[in-house]
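Spelled out, the chains give:
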Amino acid sequence: MRSINSRRLFSGTGLIVTGLAATLVALIFPVWSYSDRSGTGVDTLNAQTLSTRYGPLSALDREFVTKVRLAGLWELPAGQQAEERGTTQAVKTAGEHLVEGHTFLDERVRDVASRLGLQLPNQPNEQQQAWLGTLSAARGEEYDVQFANILRKAHGKVFGLVAQVRASTRNSLVRGLADDANTTVLDHITVLEATGLVDFDALARDAATASPPPLTNSPAPPGPTDSPSAPVPVSPSPASPSPSPTYTLPPPATSRPPEDDKPKESTESKKSAASKGGDKDEGKSEDKKP
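Residues numbered from 1 in each chain as written. Predicted model: local features only at pLDDT ≥ 70, side-chain atom pairs only at ≥ 80, totals over all residues. Heavy atoms only, no water.

A separate point is the packing of aromatic side chains. One pass over the structure, following the stated rule, counts two aromatic pairs. Arranged with centres 4.9 Å apart and planes meeting at 45°, the rings of Trp74 and Trp131 form a pair that is tilted. With Trp74 in helix α3 (residues 59–85) and Trp131 in helix α5 (residues 126–137), the pair connects residues that are 57 residues apart, well separated along the chain. On the basis of relative accessible area, Trp74 is assigned to the buried category, the value being 1%. (Phe/Tyr/Trp six-rings, centres within 6.5 Å; stacked < 30°, edge-to-face > 60°. Helix = DSSP H or I, 4+ residues; strand = E, 2+ residues; numbered from the N terminus. Buried < 20%, exposed > 50% of the residue type's maximum accessible area, 1.4 Å probe, protein only.)

Inspection of the secondary structure puts Arg85 in helix α3. As for Arg85 and Ser136, which are separated by 51 residues in sequence, their C-alpha atoms are 9.6 Å apart. Engagement of the side chain of Arg85 in a polar contact is seen with the backbone oxygen of Leu135, the distance being 3.3 Å. (Polar contact = N/O pair within 3.5 Å; in protein donor to acceptor, adjacent residues only side chain to side chain.)

This paragraph deals with the pattern of salt bridges. Counted under the stated rule, the structure contains eight salt bridges. Here Arg110 makes a salt bridge to Asp106, at a shortest N to O gap of 3.9 Å. Highlighted residues: Arg110 and Asp106, both in helix α4 (residues 89–116), separated by four residues, approximately one helical turn. Exposure remark for Asp106: the relative accessible area of 6% places this residue in the buried category. The partner of Arg108 in a salt bridge is Asp180, with the nearest N and O atoms 2.6 Å apart. Of this pair, Arg108 sits in helix α4 while Asp180 is found in helix α7 (residues 172–193), placing the two residues 72 residues apart along the sequence. Under the relative-accessibility criterion, Asp180 is labelled partly exposed at 22%. Through salt bridges with shared partners, a single ionic network connects Arg69, Asp106 and Arg110. (Salt bridge = Lys/Arg side-chain N within 4 Å of Asp/Glu carboxyl O.)

As structure tokens, then:
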């Protein structure tokens, strides 16, 4: 009887141990085998990364270079239009920063693409052309609101891509371009928000519901290509042919507090200070006496 119970106990314990061991193996196996399986993130990165003299060039790097070029193709003419059509100085200032920033970035991206042998687009994409069409159809205060919100939304999305590329790229040229793009995009976000017209609630709702944007089809293998020509943007119709004046940024918000806001000395402290001064004077006069 005892031997039968012992065999049952041993059999039950063995089943439990076997089950636990099988579960542990099932959990460990995917961990050590994951990096060797095709279709993983590491496998995709290695398959789409190209070797250059400036370091590995990933698909995300090429996507970033293409988007920097596309941004300039529509934001530069949008900035020129804002300089002429904006009804407030803040909007005109934002337009000036867009023109200056994307003129600089376009020169940089064309140089980087030429060194890496990448072809670049010379026309804005369909969405960017639609944004320019919306701006061209707006007038007055409506134009100011449309300009500030369309451009702020676009810059917010690019800002995330710049950060991702800067954190992960192994290519020195792309890294330098990301540094310049980060500075330029942040400056544009700042001046657009300085207009006081940005709808931050709409930006938050859009960020909460937006899905990751698809990759732009950029040339995969680099090869000997000519440097891209100057931008051929879809220029919005200007409000007037007169040249745009030059505007400067408003003073920074961190100014010194007015004099009235400074803490005032109490009457008692003033009297105390006066009495101390008097005592010192008396001491000095006594010292001078023979």
